[in-house]
Protein chains: 2
Amino acid sequence: MEGSHSTNKGSGETAINISESKSTKGKAPAAAAAIVATTKAIPHHHHKGGWNRGFSIFDFILRICALVAALAATTTMGTTDQTLPFFTQFFQFQASYDDLPTFTYFVIANAIASGYLVLSLPFSIVCIVRPRAAGPRLLLLIFDTILVGFTTAAAASAAAIVYLAHNGNPNTNWLAICQQFNDFCQRVSGAVVASLIAAVIFIFLVILSAVALRRH
Amino acid sequence: MEGSHSTNKGSGETAINISESKSTKGKAPAAAAAIVATTKAIPHHHHKGGWNRGFSIFDFILRICALVAALAATTTMGTTDQTLPFFTQFFQFQASYDDLPTFTYFVIANAIASGYLVLSLPFSIVCIVRPRAAGPRLLLLIFDTILVGFTTAAAASAAAIVYLAHNGNPNTNWLAICQQFNDFCQRVSGAVVASLIAAVIFIFLVILSAVALRRH
């Protein structure tokens, strides 16, 4: 179907070129034939290459957005450390991300996502320079899919713990700790949101790559 | 590149067929030409169609596996309900999945995944019957990617809570409840593992669809 479409387009442009050369009446038929040959050879390649280049540029921009989100999530969570200036009913006076194993995993997963995104930028540039290269695109799609799992898992598990820290759970006698560690909870919630944004961008990247692959 | 490759292959097979018909010396040139025409028409289509059909059948089998895993996760978590026969230090005597909002989300997400998988089976069959159809494959890939996010989020958040139920957390004064509700915890852990298996199968489904799309 794609092939027949481009052929139609090529012949359409051919007709236009012939009429143009007739109206100017200065060119030899050989020159017109040369123009026809050029326009017939280029449009199919150019048409698909242009679309794929657009996809690749959008892919590159989305990757930078995801990198910013993942880095923000990592640093926000990693530097969260609240020391209370007064005694509470709890024994500890300090809340840090490594008090909870889930938050440690969160920092590691988002750091891995940031590192992967930095490494994937050159491949994304290859896709911009060579829009018809399917290999790097497929490679990016596969790793993006795995990273969807990683970042979603990090965001979801941290969200479950943050929810518990905010609301507590009377059935299991787990009390909310956010009354005491309000600043800590706010920073952690921000990190979870940033990670969730990164996960959603990863899903978009996978869909974008798939649509671009389908057009090859 | 794909086009030129198949042409080379076609002409290669053509040469073999001509030499074969010469060695048998019993066939008319017309018959040889007919064989050449057949071998020229079929191999490219058949070659790629065969591969894509194989991918589609594997896709179908994986979908059924994922359906079993998602259904197992839903039913295991949904029917988990332990009533203790004795008094404990806690006030409640019963543990059910809807005591924790995370587990309620888990049941809903896995039920959605099961429903989606049932609905996706006809599309997978379309891909088997018509191996060269890219539309349904792309559609499945997009929804599979979103479902990767859903099931991973469900599994990860439930895993974070189950970990807490098993180990507790001294920093936040959240005590482990699995000493009391051992049966409950074991069933919930099983459900988390089943959901994790479903999530991994979804990732494989996305990669499989992408490789099949690249071959179109």
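The structure presented is a predicted model; accordingly, all values stated were derived computationally and were not measured.

A. Structural context of the pattern of salt bridges. Residue and element names in this part refer to chain A. If you walk through the whole model with that rule in mind, you get 4 salt bridges over all chains. The shortest N-O distance in the salt bridge between Asp 144 and Arg 63 comes to 2.8 Å. With Asp 144 in helix H4 (residues 135–167) and Arg 63 in helix H2 (residues 29–78), the pair connects residues that are 81 residues apart, well separated along the chain. Look at Asp 144 and you get buried, because its relative accessible area is 0%. Residue Arg 63 is classed as buried on the basis of its relative accessible area of 0%.

B. Layout of the packing of aromatic side chains. Residue and element names in this part refer to chain A. In total, this model carries 8 aromatic pairs over all chains according to the counting rule given. With a centroid separation of 6.2 Å and 35° between ring planes, the pair formed by Tyr 116 and Phe 202 is classed as tilted. In this pair, Tyr 116 is assigned in helix H3 (residues 101–129) and Phe 202 in helix H5 (residues 182–214), connecting sequence segments 86 residues apart. Residues Tyr 116 and Phe 202 agree in their burial class; the two are buried. In this structure an aromatic cluster arises from ring pairing among Phe 103, Phe 181 and Phe 184.

C. Summary view of the state of the cysteines. Residue and element names in this part refer to chain A. This structure, assessed with the given rule, holds 2 disulfides over all chains. Here Cys 178 pairs with Cys 185 through a disulfide, and the sulfurs are 1.8 Å apart. Disulfide Cys 178-Cys 185: torsion about the S-S bond near -85°, hence left-handed. A single burial state applies to Cys 178 and to Cys 185, both of which are buried. Cysteine Cys 65 is unpaired, with the sulfur of Cys 127 as its nearest cysteine sulfur at 17 Å. In this structure Cys 65 comes out as partly exposed when scored by relative accessible area, which is 37%.

D. Quick peek at the packing of helix H4 (residues 135–167) of chain B against helix H5 (residues 182–214) of chain B. Residue and element names in this part refer to chain B. Close contact between H4 and H5 brings their axes to 8 Å; oriented N to C, the two are set at 155°. As summarised for this structure, H4 and H5 are arranged roughly antiparallel, according to the angle between their axes. Between H4 and H5 lies a crossing whose hand is left-handed. Grouping the constituent residues of the contact of H4 with H5 by class yields 22 nonpolar, 7 polar and 2 charged.

E. Up close: the confidence of the model for chain A. All names here are of chain A. Averaged over chain A, the pLDDT score is 78; the fraction of residues at 70 or greater is 72%. Considering only residues more than four positions removed or in separate chains, one finds that residues 1–45, a stretch of pLDDT under 50, has 16 contacts. Overall fold confidence (pTM) sits at 0.75, and the ipTM for the predicted complex is 0.74.

F. Up close: the relation of the copies chain B and chain A. By a simple turn and slide, chain B fits onto chain A: the slide is 0.0 Å along the axis, the RMSD is 0.0 Å, and the turn is 180°. Classification of the inter-copy transformation places it as that of a two-fold axis. Among all residues of chain B, the one whose C-alpha sits closest to the rotation axis is B:Ser157, at a distance of 2.0 Å. Here 100% of the contact residues of chain B are again contact residues in chain A; the copies associate through an equivalent surface.

G. Fine view of the interface of chain B and chain A. Contacts between the two partners involve 39 residues from chain B and, on the opposite side, 39 residues from chain A. Taken together, the two surfaces of chain B and chain A that pack against each other cover about 3,400 Å², and 75% of this comes from carbon and sulfur. When the buried surface of chain B facing chain A is broken down by residue, B:Asn171, B:Trp174 and B:Arg214 rank first, second and third, together holding 18% of it. Where chain B packs against chain A, one counts 0 salt bridges. The tally of links between chain B and chain A comes to 4 residue pairs in polar contact (both at pLDDT 80 or more). Every element with two or more residues in the side of chain B that touches chain A is listed here: helix H3 (101–129), H4 and H5 of chain B. Considering each element in turn, the side of chain B that touches chain A owes the most residues, 17 residues, to H4(B). Its residues assigned to classes, the side of chain B that touches chain A comprises 25 nonpolar, 12 polar and 2 charged.

H. Summary view of the side chain of A:Arg63. Side-chain polar atoms of A:Arg63 contact the side chain of A:Ser120, separated by 3.1 Å. In this structure A:Arg63 touches A:Tyr116, A:Leu117, A:Ser120, A:Leu121, A:Ser124, A:Leu140, A:Asp144 and A:Leu205, once residues within four positions along its chain are discounted.

Rules used throughout
- Residues numbered from 1 in each chain as written.
- Chains lettered and ligands numbered in written order.
- Predicted model: local features only at pLDDT ≥ 70, side-chain atom pairs only at ≥ 80, totals over all residues.
- Heavy atoms only, no water.
- Salt bridge = Lys/Arg side-chain N within 4 Å of Asp/Glu carboxyl O.
- Helix = DSSP H or I, 4+ residues; strand = E, 2+ residues; numbered from the N terminus.
- Buried < 20%, exposed > 50% of the residue type's maximum accessible area, 1.4 Å probe, protein only.
- Phe/Tyr/Trp six-rings, centres within 6.5 Å; stacked < 30°, edge-to-face > 60°.
- Disulfide = S-S within 2.5 Å.
- Axes fitted to C-alpha atoms, helices over the stretch in contact; angles between N-to-C directions.
- Parallel < 35°, antiparallel > 145°, perpendicular 65-115°, else oblique.
- Left-handed = near helix turned anticlockwise from the far one by under 90°.
- Nonpolar A, V, L, I, M, F, W, Y, C, P; charged D, E, K, R; others polar.
- pLDDT = per-residue confidence, 0-100.
- Contact = heavy atoms within 4.5 Å.
- Least-squares fit on C-alpha atoms with pLDDT ≥ 70 in both.
- Buried area = accessible area lost by both parts, 1.4 Å probe.
- Polar contact = N/O pair within 3.5 Å; in protein donor to acceptor, adjacent residues only side chain to side chain.

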